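For reference, the chains in residue letters:
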Amino acid sequence: MTDRPRLTTSSGAPVADNQNAKTVGPHGPVLLEDYQLIEKLAHQNRERIPERVVHAKGWGAYGTLRVTEDISKYSRAAVFKPGSETEMLARFSTVAGEQGAADAERDVRGFALKFYTEEGNWDLVGNNTPVFFVADPYKFPDFIHTQKRHPRTNLRSATAMWDFWSLCPESLHQVTILMSDRGIPTDPTFMNGYGSHTFSLWNEQGERFWVKFHFKTQQGHKHFTNDEAEGVIAKSRESYQEALYGKIDGGEFPKWDMFIQVMPEGEEKNFEEKTGWSAFDLTKVWPHGDYPLIKVGEMELNRNPENYFGEIEQSAFNPSNVVPGIGFSPDKMLQGRLFSYPDAHRYRIGTHYDTLDVNKPRCPVAHYHRDGEMPRGLMTNPDAYYEPNSFGGPVEDPSVAEPPHRYAGDVDRYEFRGKADHYSQPRALFALFDEGQRKRLFSNIAGAMAGVPDEIVERQLAHFTKVDEAYGAGVREALKTAKDQASLSTSHAAE
Ligand code: NDP
Ligand code: HEM
């Protein structure tokens, strides 16, 4: 016997032989009474849980948020106390690919953060882009269907993507970012993160401020061209996992500067009058010129998980996880997400997903949820299993009450697509691109449009032209070049 721990069954009985099934004679058959074999096979059959319906492929690590500035005039949240350090978890991901997808594919990247604050978990479930494809939660399942496999062919469909995008011009801003250089970061450390939605902060005086969260990479932006990415994928489908895990394992800790943009409550009306955009429209940014970035602190990733499945696959991020001092906004997409994520976790992981170590708050938790599948550590006081009670159960704390949201209006389904300006902000972005960036944008789009029917291509080209004549003309030219090259290679093949 060595000093290694003794192998046992899951009920703790020591195991004498973990190599040979129990058989009648040396060649079998195997006995049903070999329950240790049955346990092994049954456990293996249950090793997979459903992958995330979106953002299935991901890479994650733990780290620290250090607050270097004082933003207490905007928020009373303990996590923002000047000088505070909060343990956190980050999970980066691609949106569309399944769990086995290649890391270096062109896609938006998820940028999900969980801060284990002393007043509960605050999750900021963002992306590496400040905007999104759609502005109404009704459109999210439709949009995602276009990114996943076609029901008949079981292939990804460029036709579905461009059909949807060309019919939903609010997607133009995000499509332009996706098709730009930043559409394939070389690894997650070379990209920014954005909370994207407008959230709110509230202070000790009960004043509310609308807020956008930004995490700017200190590593700089690095990205692959389509050709470079193809070369990487040919060699490894796991290039992000290798890079993120490898860097942290080697003591190279990536960092991001955290900033906020702040708009005092009430100012959203002036913003809308001035710009024509709602401050809560997820397809738009707040221009830096009007709402400058305010530094909060620095985030560093410095610890790899020990168990990918337990800590990254079973991590559960909820936009609804906020703490006193941080609140929501009327953003329709955000409101839809507040329901969607906890619902996804209860299905994907189980009712008590938030009792798993990775999801568990690092502060005391006391509530009256009971029983169900796998409750862990819920019954601390078995007499106080309802509320109100006289048996010492947890009670509410009015001191953390959020100030009221001042919402009013007629209940209706409000059409915005026909009225809104979908072009000015993509125009501002296009104006930032130099000649080389524009050329790559055009050819990335032309490549992604291969095989799409002309009618859909023309509808999309009309949107690009409305952004900028040069944008439409550039993509048209790139499409022609791609077509000429394709017919040249077909005629060569026929020779
Ligand atoms: P600014 O000139 O102040 O800021 C430009 C922003 O664009 C910077 O944040 C820069 O990020 C970012 N950027 C540069 N290249 C790309 C790219 N290929 N994809 C995505 N972002 C990129 O301008 P404004 O604030 O007036 O905004 C102009 C446009 O910039 C917007 O319409 C929007 O498309 C884009 N943008 C704006 C952001 C905002 O919150 N205001 C945030 C991100 C993008 P970095 O500093 O990291 O280089
Ligand atoms: C993951 C729904 C919009 C970022 C998910 C998941 C669902 C979902 C169901 C899988 C959760 C899980 O199983 O763990 C929605 C809905 C949206 C929406 C209904 C709109 C109404 C957005 C937006 C962003 C975003 C706008 C970014 C700003 C993410 C990220 C993940 C994710 C980063 C992966 C989180 C992780 O790493 O576990 N989304 N989403 N989503 N979503 Fe969304």
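Residues numbered from 1 in each chain as written. Chains lettered and ligands numbered in written order. Predicted model: local features only at pLDDT ≥ 70, side-chain atom pairs only at ≥ 80, totals over all residues.

Asker: Run through the overall build of the protein chain, naming residues and quoting values.
Answerer: When its secondary structure is counted, the protein chain shows 13 helices and 10 strands. Relative to the 2.2 N^0.38 estimate, which gives 23 Å for 495 residues, the radius of gyration of the protein chain is 26 Å and therefore close to what a compact globule would have. Viewed in the frame of its principal axes, the protein chain has a C-alpha envelope of about 75 × 75 × 45 Å. Residue burial in the protein chain is summarised as follows: out of 495 residues, 35% are buried. (Helix = DSSP H or I, 4+ residues; strand = E, 2+ residues; numbered from the N terminus. Rg over C-alpha atoms; globule rule 2.2 N^0.38 Å. Buried ≥ 20, exposed ≤ 12 C-beta atoms within 10 Å, placed from the backbone.)

Asker: Account for the site of ligand 2, with residues named and values stated.
Answerer: Contacts to ligand 2 come from 28 residues, most closely from His 55, Arg 91, Gly 110, Pro 137 and Ser 196. Considering every element that reaches the shell around ligand 2, the biggest residue donor is helix α9 (residues 332-348), with eight residues. Classifying every residue of the shell around ligand 2 gives 13 nonpolar, 11 polar and four charged. (Near = placed C-beta within 6 Å. Nonpolar A, V, L, I, M, F, W, Y, C, P; charged D, E, K, R; others polar.)

Asker: I'd like a description of helix α11 (residues 435-448), backed by residues and values.
Answerer: When the terminal C-alpha atoms of α11 are compared, their 20 Å separation across 14 residues agrees well with the 20 Å that a helix rising 1.5 Å per residue should span. Burial in α11 covers these residues: Leu 441, Phe 442, Ser 443, Asn 444, Ile 445 and Ala 446. (Expected span 1.5 Å × (residues − 1).)

Asker: Run through the nonpolar core, naming residues and quoting values.
Answerer: Formed by 88 residues in total, the largest nonpolar core has its most connected members in Met 88, Ala 90, Val 211, Ile 445 and Val 475. Lining this core are residues from two domains, each supplying at least three of them: domain 2 (58-372) and domain 3 (424-488). Residue contacts for Met 88: discarding those within four places in its chain leaves Tyr 62, Gly 63, Thr 64, Leu 65, Leu 113, Lys 114, Phe 115, Tyr 116 and Met 299. (Core = buried A, V, L, I, M, F, W, Y, C linked by C-beta atoms within 7 Å. Domains from an automatic or database assignment. Contact = placed C-beta atoms within 7 Å.)

Asker: Explain helix α3 (residues 158-167) to me, using residue names and the numbers behind them.
Answerer: Among the residues making up α3, those that are buried are Met 161, Trp 162, Phe 164, Trp 165 and Ser 166. Packing partners of the buried residues in α3 comprise α2 (140-147), α4 (172-179) and α12 (454-467).

Asker: Tell me about the UniProt feature "binding site: heme" (unreviewed entry) in the protein chain, and name the residues and values.
Answerer: UniProt's entry tags Tyr 341 with the feature "binding site: heme" (unreviewed entry), counted in the numbering of this structure. Inspection of the secondary structure assignment puts Tyr 341 in helix α9. (UniProt positions renumbered as here; feature names shortened; annotations may be inferred.)

Asker: Can you tell me about the domain arrangement of the protein chain, naming the residues and giving the values?
Answerer: Once the domains are mapped, the protein chain shows domain 1 (1-47), domain 2 (58-372) and domain 3 (424-488). Between the C-alpha centres of domain 1 and domain 2 there is a distance of 44 Å.

Asker: I'd love a proper account of the pairing of strand β6 (residues 199-202), names of residues and values included.
Answerer: Alternating residues of β6 divide into Phe 199 and Leu 201 and Ser 200 and Trp 202, and every residue in both groups is buried. Counting the residues between successive antiparallel strands, the hairpin from β6 to strand β7 (residues 208-217) contains five residues, one of them, Gly 206, with a positive phi of roughly 80°. Of the strand pairs in this sheet, β6 and strand β10 (residues 326-327) are connected by two bridges, and their pairing is antiparallel. Across the sheet, residue Leu 201 finds its bridge partner in β10, namely Ile 326. (Pairing = 2+ DSSP bridges.)

Asker: So, the site of ligand 1: which residues are in play, and what are the values?
Answerer: The immediate surroundings of ligand 1 are formed by 16 residues, with Ser 180, Val 285, Pro 287, His 288 and Leu 429 found nearest. Of the residues forming the shell around ligand 1, the biggest block, four residues, is contributed by helix α10 (residues 424-432). Its residues assigned to classes, the shell around ligand 1 comprises eight nonpolar, five polar and three charged. Looking at the shell around ligand 1, you find at least three residues from each of domain 2 (58-372) and domain 3 (424-488).

Asker: Can you break down the packing of α4 against α10 residue by residue, with the values?
Answerer: A pair of packed helices is characterised by two quantities: the angle between their axes and the separation of those axes. Here α4 crosses α10 at 25°, and the two axes come no closer than 8 Å. Classed by the angle they form, the pair α4 and α10 counts as roughly parallel. The way α4 lies across α10 gives a crossing that is right-handed. Along the contact surface, α4 presents Leu 172, His 173, Thr 176 and Ile 177, while α10 presents Gln 425, Pro 426, Leu 429 and Phe 430. Taken together, the residues of the contact of α4 with α10 sort by class into five nonpolar, three polar and no charged. (Axes fitted to C-alpha atoms, helices over the stretch in contact; angles between N-to-C directions. Parallel < 35°, antiparallel > 145°, perpendicular 65-115°, else oblique. Left-handed = near helix turned anticlockwise from the far one by under 90°.)

Asker: Before we move on, could you go through the environment of Tyr 407 and cite the residues and values that matter?
Answerer: Relative to the assigned elements, Tyr 407 resides in the loop between α9 and α10. On the basis of neighbour counts, which here come to 6 C-beta atoms within 10 Å, the residue Tyr 407 falls in the exposed class. For the pair Tyr 407 and Ser 329, spaced 78 residues apart in sequence, the C-alpha separation works out to 10.0 Å.

Asker: How would you summarise the environment of Ala 420 if you had to cite specific residues and measurements?
Answerer: With respect to the element layout, Ala 420 can be found in the loop between α9 and α10. Spatially, the C-alpha atoms of Ala 420 and Glu 267 are 19 Å apart, while their sequence positions differ by 153 residues.

Asker: Give a detailed account of the UniProt feature "active site" (unreviewed entry) in the protein chain, specifying residues and quantitative values.
Answerer: The sites that UniProt annotates as "active site" (unreviewed entry) are His 55 and Asn 127. A stretch of 73 residues holds the annotated residues, and the largest C-alpha distance among them is 10.5 Å, short enough that they meet in one place. Here Asn 127 shows up in strand β4 (residues 120-127). Residue contacts for Asn 127: discarding those within four places in its chain leaves Val 108, Arg 109, Gly 110, Phe 111, Tyr 194 and Ser 196.

Asker: Requested: an account of the packing of α3 against α12, with residues and values cited.
Answerer: Running from N to C, α3 and α12 cross one another at 45°; their axes reach a closest spacing of 9 Å. The pairing of α3 with α12 is recorded here as oblique in orientation. α12 is crossed by α3, and the crossing has left-handed handedness. Seen from α3, the contacting residues are Thr 159, Trp 162, Asp 163, Trp 165 and Ser 166; seen from α12, they are Ile 456, Val 457, Arg 459, Gln 460 and His 463. Partitioning the contact of α3 with α12 into residue classes produces four nonpolar, four polar and two charged.

Asker: Go over unusual backbone geometry with me, naming the residues and quoting the values.
Answerer: Outside of glycine, negative phi angles account for most residues, and trans bonds account for most peptide bonds. In this structure, Pro 29 follows Gly 28 across a cis peptide bond, with omega equal to 5°. As for its placement among the helices and strands, Pro 29 is situated in the segment before α1 (35-45). For the bond from Glu 387 to Pro 388, the omega torsion is 5°, close enough to zero to count as cis. Turning to its location among the elements, Pro 388 is positioned in the loop between α9 and α10. The phi torsion at Asn 154 lies on the positive side, around 60°, for a residue other than glycine. Counting through the fold element by element, Asn 154 comes out in the loop between α2 and α3. Residue classification places Asn 154 among the exposed positions, given that 8 C-beta atoms sit within 10 Å. A positive phi angle, close to 50°, is found at Met 374, a residue other than glycine. Of note, Met 374 is situated in the loop between α9 and α10.

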